[in-house]
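Survey of secondary and tertiary structure
The primary structure of each chain is shown beneath.
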Amino acid sequence: MTDYTAHEQALDRDCLTLSRHVLQQLQSFDADAQDLSALMNRIALAGKLIARRLSRAGLMEGVLGFTGGVNIQGEDVKKMDVYANEVFIAAFKQSGLVCRLASEEMEKPYYIPENCPIGRYTLLYDPLDGSSNVDINLNVGSIFAIRRQEGTDLDGTAADLLQNGHRQIAAGYILYGPSTMLVYSMGKGTHVFVLDPSLGEFILAIENLQIPASGSIYSVNEGNFWAWEEPIRNYVRHVHRQPGYSARYSGALVGDIHRILMQGGVFLYPGTQKNPAGKLRLLYEAAPIAFLVEQAGGKASTGTQPLLDVVPDHLHMRTPLIIGSPENVALVESFIQPTPANATVTQV
């Protein structure tokens with residue numbers, strides 16, 4: 001009896017695929033639930049294609065290196081950036097679900113005319129975050145968010161996307177590493193899936209992931225130390241003087257955030273004196289990650305306000321980001337916004 005039960009449980013675990021989990025989350029099989037399940041399946045397909053390409057990158061000609069072009073952000077474009085962006089577009093063509101795709105690699109949203117009469121959703125995404133790591137075989141990822149289209153957008157400005165992060169109906173990331181993982185939330189907790197290559201399916205690994213309330217890891221590019229404002233430098237000086245802290249920074253947002261989600265701590269990408277808004281894009285990177293982390297019990301901030309409250313003034317708006325365990329984020333905020341109670345701490 002025990003052996004049968006164990007076998008039954010293992011089989012049930014293997015059958016808990018991403019699409020099945022989405023329907024369970026929504027507790028419905030109506031048209032909206034089916035659409036969102038199909039959307040997540042398309043995102044998963046894009047992730048599988050990118051993971052396959054990355055796994056063979058060193059063996060295939062024309063995969064690694066730069067294209068010679070520059071994207072809308074003013075950044076050099078890698079060949080894998082272009083491929084990953086095209087994969088997401090191809091995955092949603094003729095889906096009937098998504099009218100627009102907005103990516104940090106494209107100046108304006110990409111419209112799919114055949115979908116627009118019926119497509120009610122917009123996908124916002126960073127197709128390959130941390131692509132500078134590709135050529136040296138380190139972790140990279142894809143970040144995504146789903147928003148419901150509001151209005152007809154006849155002028156093609158996508159003005160309805162300029163709303164705060166609470167308007168996201170789903171968000172997540174795909175981490176390409178020793179295993180390919182998909183982490184997502186639809187506002188009902190944060191859930192972790194692992195791609196089983198033998199099945200070609202993302203299988204549930206952790207349901208309702210909870211970030212530790214505090215952690216010993218701080219993740220920040222300390223090469224920018226002298227470019228930061230003094231409050232951020234004071235925070236880093238503080239952790240240098242405290243026992244037990246560990247610095248972990250890979251240069252890929254998805255990999256660093258995944259570590260924080262699993263082990264606790266804080267990730268910082270502050271602005272600099274010359275560029276107070278920082279580097280990370282609000283709609284494609286910061287807001288989706290913030291949605292996900294807060295659903296796991298974490299906290300996301302610009303340093304002066306909750307990240308999900310920020311309303312962008314254009315599609316490619318940048319923002320500072322402080323995110324992770326709630327106690328760690330609150331400590332960083334205390335250096336940026338000192339009160340009489342903690343003013344002595346911030347001068348350490």
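Described below are features of the structure shown in this document. None of these values were measured; they are calculated from a predicted model.

1. As for the packing of helix α5 (residues 230-240) against helix α8 (residues 326-336)
At a closest axis distance of 8 Å, the pairing of α5 and α8 adopts a crossing angle of 130 degrees. As judged from the angle between their axes, α5 and α8 are oblique. Relative to α8, α5 is oriented so that their crossing is right-handed. Between α5 and α8, the residues in contact are P231, I232, N234, Y235 and H238 and L331, V332, F335 and I336, respectively. Partitioned by chemical class, the residues of the contact of α5 with α8 number seven nonpolar, two polar and no charged.

2. Some thoughts on the sheet that holds strand β5 (residues 121-129)
The sheet built from eight strands is open, its strands ordered β4-β3-β5-β6-β7-β8-β9-β10 with mixed pairing. Edge positions in the sheet fall to β4 (110-111) and β10 (201-206), since each has one partner strand and no second. In this structure, strand β3 (residues 98-103) lies alongside β5, joined through five bridges in parallel fashion. Following the sheet pairing, S103 is matched in β5 by Y125. Each of β3, β4, β5 and β6 (140-148) is contacted by helix α4 (residues 79-92), which is oriented at about 155 degrees to β5, the strand it contacts most. Set on the sheet, helix α7 (residues 282-295) makes contact with β3, β5, β6, β7 (168-176) and β8 (180-185); between it and β7 the angle comes to about 100 degrees.

3. Observations concerning the state of the cysteines
Defined simply, a disulfide is a covalent bond joining two cysteines at their sulfur atoms. On inspection of all chains with the given rule, the structure shows one disulfide. Two residues share a disulfide in this structure: C99 and C116, whose sulfurs sit 2.1 Å from each other. The sign of the 85 degrees torsion about the S-S bond sets the C99-C116 disulfide as right-handed. Linking C99 in strand β3 with C116 in the loop between β4 and β5, this pair joins segments that are 17 residues apart in sequence.

4. Re the side chain of Q25
Within the secondary structure layout, Q25 lies in helix α2 (residues 18-26). Excluding residues within four positions of it along the chain, Q25 makes contact with Y184, K188, H191 and E207.

How each quantity is defined
Residues numbered from 1 in each chain as written. Predicted model: local features only at pLDDT ≥ 70, side-chain atom pairs only at ≥ 80, totals over all residues. Heavy atoms only, no water. Axes fitted to C-alpha atoms, helices over the stretch in contact; angles between N-to-C directions. Helix = DSSP H or I, 4+ residues; strand = E, 2+ residues; numbered from the N terminus. Parallel < 35°, antiparallel > 145°, perpendicular 65-115°, else oblique. Left-handed = near helix turned anticlockwise from the far one by under 90°. Contact = heavy atoms within 4.5 Å. Nonpolar A, V, L, I, M, F, W, Y, C, P; charged D, E, K, R; others polar. Pairing = 2+ DSSP bridges. Disulfide = S-S within 2.5 Å.

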